[in-house]
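# Coordinates in review
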Amino acid sequence: MSRHLESWQVFGRDYADGRARFTAQAQAVGGVLQRYVHPHQPGPDGQTLSVDVARLGPEKAARTLLLISGTHGLEGAAGSAAQIAWLASAGAAALPADTNVVLVHAINPYGWAYQTRTTENNVDLNRNFIDFSRQPPANASYDALHPHLLPAEWTDAGQDAVRRAIDAFRSIHGDDATFNATASGQYSHPDGLVYGGQQREWSNLTLEAILGDHLAHSEKVALIDWHTGIGEYGEPFFLCFNQEGSQEQRQAAAWWGSERVLDQRPHGLARPNYQGLVFRGVESFLPGRRIAGAVVEFGTRGQHMRQALRLDQWLRFHSTKNPDATREHNLRLDLIDAFVPYSGVWRQSVIDHGVQITDQALHGLGAW
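Procedures and definitions
Residues numbered from 1 in each chain as written. Predicted model: local features only at pLDDT ≥ 70, side-chain atom pairs only at ≥ 80, totals over all residues. Heavy atoms only, no water. Helix = DSSP H or I, 4+ residues; strand = E, 2+ residues; numbered from the N terminus. Rg over C-alpha atoms; globule rule 2.2 N^0.38 Å. Buried < 20%, exposed > 50% of the residue type's maximum accessible area, 1.4 Å probe, protein only. Contact = heavy atoms within 4.5 Å. Lys, Arg positive; Asp, Glu negative; His and termini not counted. Charge placed at Lys NZ, Arg CZ, Asp CG, Glu CD. Pairing = 2+ DSSP bridges. Right-handed = clockwise from strand over helix to strand, strands pointing away. Salt bridge = Lys/Arg side-chain N within 4 Å of Asp/Glu carboxyl O. Phe/Tyr/Trp six-rings, centres within 6.5 Å; stacked < 30°, edge-to-face > 60°. Expected span 1.5 Å × (residues − 1). Polar contact = N/O pair within 3.5 Å; in protein donor to acceptor, adjacent residues only side chain to side chain.

Assigned secondary structure in the protein consists of 14 helices and 7 strands. Taking 21 Å as the expected radius of gyration for a compact globule of 368 residues, we find that the protein reaches 20 Å, a close match to that expectation. Its C-alpha atoms give the protein principal-axis dimensions of roughly 60 × 45 × 40 Å. For the protein, buried positions account for 60% of its 368 residues. Across the protein, the fraction of contacts at a sequence separation of at least 24, relative to all contacts at a separation of at least 6, is 80%. Counting 31 positive and 39 negative side-chain charges, the protein places the centres of these two groups 3 Å from one another.

Shown next as structure tokens:
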């Protein structure tokens, strides 16, 4: 029996609470659970960190709806809420024939547990799915900006210096190139933004294991990777990474609307040349399968998100140099609110849109 859940019931207080709510709701609707425990990284209070997977529907279904939360750590609070809300909805009790749903909860558990977007190695997991047997992609523009992106102190003066450096770069290269420099991914600065790493992260390896365990029989896959940050406040923003003009892209557009899926410009800018996406990882781990879907963002602060990304890195690498407990507490709350606003209006929108978007993909998949 499905039921409506309030936002406070689906948004966990933290990683541990979110995990408990997810597993309880999955069990309540008959989901089959499997836990993938992080072998060497405990949480901040010594608790076990894990990726949890719930499957609804037949094990050997030919069609799978794959729902991933927590690629960017602390953003997992919203993705988890969307997963839990859907599990409690009518859609979870009425799957199409020969279709299952696999929910991957907190694929980057370290990031959520420690309230950061990155992994235990400061790797942006959504830039980590490249072929590390080859030379990583270069990003000379980021190399030029890197020394100027994090101030020594998080003050108005420090932020002004960062903005001047970025504006100087923008005046030469333009808005789109500046966005691409700081968003597409880089593999040279372990203490920098959008760092893709030098090897596959544990979460990367674990996702491959999950897909092998749970999607071995899947022939057609609908993928939603839940994120936050891009788009209008509380509204979904779709980034479809299927090949332009492909049948898979047409499927995604049919499920969610062409006006939402095609030719989307994050923050009104040209889409960066994103490297190492989870989307690409799923494609590579499921060769020969038909995969259609999108990264679905829930908008928060618009263009101001670039400062929030820098704050995440500053808290990780600079706040400990001159510790101030009150400053760090307030900045941490600001960071969390930037990616998962405390506003009940925003959170209710995530729930409502999350259930609708999931149902649209499920119904479309069933007819594919």
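Before going further, it helps to examine the pairing of strand 3 (residues 63–68). Strand 3 sits mainly inside the fold: 6 of its 6 residues count as buried. The two faces of strand 3 match: Arg 63, Leu 65 and Leu 67 on one face and Thr 64, Leu 66 and Ile 68 on the other face are all buried. The pairing of strand 3 with strand 4 (residues 99–105) spans 6 bridges and is classified as parallel. In the sheet register, Thr 64 faces strand 4, and the bridge partner there is Asn 100. Between strand 3 and its parallel partner strand 4, the chain crosses via helix 3 (residues 76–87), and the hand of that crossover is right-handed. The pairing of strand 3 with strand 5 (residues 220–233) spans 6 bridges and is classified as parallel. Each residue of the ladder has a partner; that of Thr 64, found in strand 5, is Val 221.

The final tally for this structure, using the stated rule, is 14 salt bridges. Glu 75 is the partner of Arg 117 in a salt bridge, and the nearest nitrogen-oxygen pair spans 3.1 Å. Within this pair, whereas Arg 117 is found in the loop between helix 4 (109–113) and helix 5 (140–145), its partner Glu 75 is found in the loop between strand 3 and helix 3, the two being separated by 42 residues in sequence. Judged by relative accessible area, which is 10%, Arg 117 ranks as buried. One salt bridge connects Glu 208 with Arg 200, and the closest N-O pair in it is separated by 2.7 Å. Owing to a relative accessible area of 35%, Glu 208 belongs among the partly exposed residues under this scheme. One connected set of salt bridges, linked through shared partners, spans Arg 13, Asp 17 and Arg 21.

What the rule picks out here adds up to 11 aromatic pairs. Aromatic side chains Phe 129 and Phe 285 sit 6.0 Å apart centroid to centroid with 65° between the ring planes, which places their arrangement in the edge-to-face category. In this pair, Phe 129 is assigned in the loop between helix 4 and helix 5 and Phe 285 in helix 11 (residues 278–285), connecting sequence segments 156 residues apart. Side by side, Phe 129 and Phe 285 carry an identical accessibility label, which is buried.

The next point concerns helix 14 (residues 344–366). Here helix 14 is 23 residues long and its end C-alpha atoms lie 33 Å apart, about the 33 Å a rise of 1.5 Å per residue gives. Regarding helix 14, its N-cap is Ser 343, as a side-chain oxygen of that residue lies 3.1 Å from the backbone nitrogen of Val 345 further along.

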